[in-house]
Amino acid sequence: MPGDTKVWEEKWNALQESCLPAVEAAADLDSLENLRIKFLGRKGGLTELLAALKDLPVADRRRLGPLGNDLRSRLEALLESRKRALFKAAVDRDLAGVKVDMSLPATPHGTGTLHPLTQTMEELVAVLNRLGFQTEEGPLVETDYYNFEALNIPPEHPARDMHDTFYVGADGLLLRTHTSPVQIRKMLNSAPPVRIVVPGRVFRHEAVDASHSAVFHQVEGLYVDRDVTMVDLKGTLLNFARAMFGARTQVRFKPSYFPFTEPSVEVDVQCLLCGGGGCAVCKQSGWLEMLGAGMVHPNVFRAVGYDPSAWKGFAFGIGVDRVAMLRYEISDIRLLYQNDLRFLTQF
Ligand code: FA5
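In this text, all values refer to a predicted model and were calculated from it rather than measured experimentally.

Rules of the game
Residues numbered from 1 in each chain as written. Predicted model: local features only at pLDDT ≥ 70, side-chain atom pairs only at ≥ 80, totals over all residues. Heavy atoms only, no water. Helix = DSSP H or I, 4+ residues; strand = E, 2+ residues; numbered from the N terminus. Rg over C-alpha atoms; globule rule 2.2 N^0.38 Å. Buried < 20%, exposed > 50% of the residue type's maximum accessible area, 1.4 Å probe, protein only. Contact = heavy atoms within 4.5 Å. Domains from an automatic or database assignment. Near = heavy atom within 4 Å. Polar contact = N/O pair within 3.5 Å; in protein donor to acceptor, adjacent residues only side chain to side chain. Pairing = 2+ DSSP bridges.

**As for the overall build of the protein chain**
Within the protein chain, the regular secondary structure consists of 11 helices and 10 strands. Compactness check: the protein chain gives a C-alpha radius of gyration of 39 Å against a globular reference of 20 Å for 347 residues, more than 25% above the reference. Overall, the protein chain is about 120 × 55 × 40 Å in size when its C-alpha atoms are taken along their principal axes. Across the 347 residues in the protein chain, those meeting the buried criterion constitute 43%. Long-range contacts, defined as pairs at least 24 residues apart, comprise 70% of the intrachain contacts of the protein chain with a sequence gap of at least 6.

Dropping the structure here:
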């Protein structure tokens, strides 16, 4: 009906004249919100006007619809810009009444630290670097040859029982059970003399307890030269123990067995956690096994093409986790692998 159209146009005109200036004049955020509800709320003036379009003849609807929509867009844009301006003015007003004390200390931001295992490993390597050992690394996934066979552990050798091995797929690949395979890789690639230190992660399918983990870390040492003796080995290991645990550290060497060294020793350090009195970590013995070592077996030299009558060597493999536990008085190896920040931030 033309009458309805005329009424619609009059309302549109009136709205256009009143709503935009009202928004311009709004003095605070509350009045602005009231205006938004008045014009654009569910029962707002402009909302109802737009809804009323559907009752107009088609031709009028086509002509007036864009007018209505245009007014709504302009109103929305103005509401938004007024809102920002009023908000900023309110914040400025608040801040004007606040005194900022520039001398207050800032909120501290926590910075990360190196994992205690990384710290221990880096220190161990640094001690051995100072003694002339050069750092080498090797792969975590190894072949049976490097991990066992070239180290004088042929298939079916009972010493394989000393390492519960994780095999990877069917083609004989395995997760290295110690860092000793890197000895073989190095000696196959370079002529003697050799003096290397090998830090790295190793894996064994072991029952986990306070001092045994299925993933742990070793630092391997290998020194090959013309006149290397057991005394050099002892001196090097004492130097390592005193550098890591202090000048009065008690160390004991015990005869042991490794297929790749002869003679072989195991080195224990007195348990700093209980002072030697016995605790869960040292299994009540007062000592903690720290490393295995010995003089390189002639069969290992033969496997890498070194002449065992011309060259002598010693090797050792240090359990890094055990060193970290002793140094930081950590009573359970599992704490090193739980990534609990309450624990890690103490180091
Ligand atoms: C070896 O792995 C030999 N490759 C060490 C070696 C190197 C001997 C060169 C001779 C010459 P063993 O299995 O004992 O040896 O491990 C060496 C050290 O690793 C141990 O003394 C102990 O400190 C640490 N270790 C062994 N098993 C674990 C485990 N499950 N969790 C944490 N540390 C371990």
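**Quick notes on the domain arrangement of the protein chain**
Per the domain assignment, the segments of the protein chain are domain 1 (2–96) and domain 2 (116–344). Computed from C-alpha atoms alone, the centre-to-centre distance between domain 1 and domain 2 is 79 Å.

**With respect to the site of the ligand**
Near the ligand there are 25 residues, and of these His-178, Ser-180, Arg-204, Ser-213 and Glu-289 occur at the shortest range. The backbone of Ser-213 places a nitrogen or oxygen atom 3.0 Å from a nitrogen atom of the ligand. Between Arg-322 and the ligand, the recorded distance is 3.5 Å, taken from a side-chain N or O atom to an oxygen atom. Looking at the shell around the ligand, the elements that each hand over two or more residues are strand E6 (215–225), strand E9 (287–296) and strand E10 (312–319).

**Remarks on the sheet that holds strand E2 (residues 141–143)**
Read from one edge to the other, the open sheet built from three strands follows the order E2-E4-E3, with strand pairing classed as antiparallel. In this open sheet, the two strands that pair with only one neighbour each are E2 and strand E3 (167–168). Looking at chain direction, E3 and strand E4 (residues 173–175) are connected through two bridges and run antiparallel. Residue pairing for E4: Tyr-167 is matched across the bridge by Leu-174.

**Some remarks on the pairing of E10**
Judged by how many residues are buried, E10 sits mostly within the fold: seven of eight residues are covered. By the bridge criterion, eight bridges tie E6 to E10 in an arrangement that is antiparallel. Looking at E10, one finds that Gln-218 is bridged to Gly-319. The sheet contact formed by E9 and E10 spans five bridges and is antiparallel. In the strand pairing of E10, Gly-294 is matched with Ala-315.

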